[in-house]
Amino acid sequence: MATSQDSNETSYLLPPNKEDWEGRGIPDFVYGQQELLWEGVQWPGNAPSCPDALPVPGSRFDSALCSAWRQRMDLGLFRYCLGELQTQTLPGAVGFVAQLNVERGVQRRAPQSIGSMRQAFDPKQFNFTKIRPGEVLFRLHRKPDVPGALQQEDILVMINVSPLEWGHVLLVPEPALGLPQRLLPGALRAGLEAVLLSSHPGFRVGFNSLGGLASVNHLHLHGYYLAHRLPVERAPSERLDPGGHLHLLQAVPAPGFLFYTGGPGPDLEALISRVCRATDYLTDHEIAHNLFVTRGAPPGKISPSSALTGVRVILWARKSSFGRKESEAFNVALCELAGHLSVKTSQDFGSLTEAAALALIQDCLLPPAQAEEVQAALVALAAEEP
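In short, a report on the structure. Per chain, residues are indexed from 1 in the order of the written sequence. Given that this is a predicted model, residues contribute local features only at a pLDDT of at least 70 and side-chain atom pairs are listed and counted only at 80 or more, while totals for whole chains, interfaces and linings are drawn from all residues. In computing side-chain properties, one takes all heavy atoms of the structure into account and sets aside hydrogens as well as water.

**A word on the layout of surface pockets**
Reasoning step 1: Of the grid points, spaced at 1 Å and generated over the protein atoms alone, those admitting a 1.4 Å probe that cannot get out make up cavities, while open sets with protein on both sides within 12 Å along at least five of seven lines make up pockets; any residue with an atom within 4 Å of a point is treated as lining. Grid points are joined across faces, edges and corners, and a volume is the space filled by probe spheres set on the points. Volume-wise, the largest pocket comes out at about 590 Å³.
Reasoning step 2: Taken together, 38 residues form the lining of the largest pocket, with Arg104, Arg108, Asn160, Ser162 and His222 sitting closest to its centre.
Reasoning step 3: The helix and strand labels rest on DSSP assignments: H or I over at least four residues marks a helix, E over at least two residues marks a strand, and numbering proceeds from the N terminus. Only helix H2 (102-107), strand S8 (221-225), helix H5 (334-337) and strand S14 (340-343) provide two or more residues apiece to the lining of the largest pocket.
Reasoning step 4: Broken down by element, the residue count for the lining of the largest pocket peaks at three residues, all from H5.

Structure below.
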């Protein structure tokens, strides 16, 4: 496991006595632009088979998150103890990574009752002001070290008590604000920068909208480690707008809208603006969506050996789905659309095929006519840029 490079650094571990947890305060993870890793993060020749094989020495972010997350697991703060998950790559052209996670399927919190994409935050429902003190790992706080750069709002990093995989955390803007589950630029920026703070190519971030299987109507993103390549990292794409800002991802489980940035500063800020304009359109038109952030290759015709030279943000518009689907092998949300399938039962895990997985995913997509309408609208938004 990676260790901190600074022995005097703030501790992100809980004190030994449980009575001291509530009064200890939330430690800050303060970072600067120089810690955002834009180059040199690639999969090794043989990708690690388990999260304990994180790169050494790893980044300061990886060390803080993983050490604090492991301690919370050892202390029993999760709904179940996550061991090494049984994993297989389904035979076929897509390259689905399927994992058996029975306990998540059984023990995760039941989704809230949602009736609209624009539903207001309800303080009476479960929300992230109601979690136990020990569930918060740290507060992400970016130093304003670039002239003219916007100050990043503070984001709490807390455990997901029903983890999907190793290091599964939630990124939550100040919970007391009571923000509904609608993507905002500051939250997306934090998600992008969390990916860039990690030296592990398998640390990904995502967002589920209301109707897109978000189970809590309180603004949050997911982050987690998966020590496997996914098809969306290097899938080819077709440019949709003359400026080359919006692409259609191809040869993956579901066609998605691809946004890409290869560097910091104005390019990153422009991507955040484009993505949030697109998600605002979808929310305002009651169209559910999922979003996935991963290191990836530039848009275009991609070869299998293409390097991960920047960050891909993939956005899927889909049919609304409210409530838990108990009878399905897996629920279709951000990770499944990216090619990572969290399977609920041993029977389904043993019998699942690529064709069956594709059928389940494609059943959640918009009808062709509506998909074309959404694509035209997002292309028109891209064309409005100065």
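**With respect to the packing of aromatic side chains**
Reasoning step 1: Pairing of aromatic rings covers Phe, Tyr and Trp, the last through its six-membered ring, and needs centres within 6.5 Å; plane angles under 30 degrees mean stacked, over 60 mean edge-to-face, and all others mean tilted. Taken as a whole and judged by the stated rule, the model has eleven aromatic pairs.
Reasoning step 2: A ring pair is formed by Phe29 and Phe61, whose centres lie 5.9 Å apart and whose planes are at 80 degrees; its orientation type is edge-to-face. In this pair, Phe29 sits in strand S1 (residues 28-31) while Phe61 sits in helix H1 (residues 60-74), placing the two residues 32 residues apart along the sequence. In this pair, the class of Phe29 matches that of Phe61, namely buried.
Reasoning step 3: Aromatic ring contacts, followed pair by pair, group Tyr12, Phe29, Tyr31, Phe61, Phe138, Phe203 and Tyr225 into a single cluster. Relative accessibility decides the category of a residue: with a 1.4 Å probe and only protein chains considered, values under 20% of the type maximum give buried, values over 50% give exposed, and everything between is partly exposed.

**A look at empty space enclosed by the protein**
If a probe as big as a water molecule is rolled over the atoms, it shows which places are left empty.
Reasoning step 1: On inspection of all chains with the given rule, the structure shows three cavities of 30 Å³ or more.
Reasoning step 2: Quantified by volume, the second largest cavity comes out at close to 90 Å³.
Reasoning step 3: Lining the second largest cavity we find His245, Leu246, Phe259, Arg274, Arg277, Ala278, Leu378, Leu381, Ala382 and Glu385.
Reasoning step 4: Those elements giving two or more residues to the lining of the second largest cavity turn out to be helix H4 (266-284) and helix H8 (368-383).
Reasoning step 5: Think of it as three bins: nonpolar holds Ala, Val, Leu, Ile, Met, Phe, Trp, Tyr, Cys and Pro, charged holds Asp, Glu, Lys and Arg, and polar takes everything else, Gly as well. The class makeup of the residues in the lining of the second largest cavity is six nonpolar, one polar and three charged.

**Re the pairing of strand S7 (residues 203-208)**
Reasoning step 1: The element S7 is extensively covered by neighbouring structure, given that six of its six residues are classed as buried.
Reasoning step 2: Here S7 shows two buried faces, one formed by Phe203, Val205 and Phe207 and the other by Arg204, Gly206 and Asn208.
Reasoning step 3: When S7 meets S8, the two strands line up antiparallel, connected through four bridges. The residue of S8 that forms the bridge with Gly206 is His222.
Reasoning step 4: As paired strands, S7 and strand S12 (residues 288-296) are joined by four bridges and run antiparallel to one another. Within S12, the position partnered with Asn208 by the bridge is Asn290. Whether two strands pair depends on DSSP finding at least two bridges between them.

Any link to function would need more than the numbers given here.
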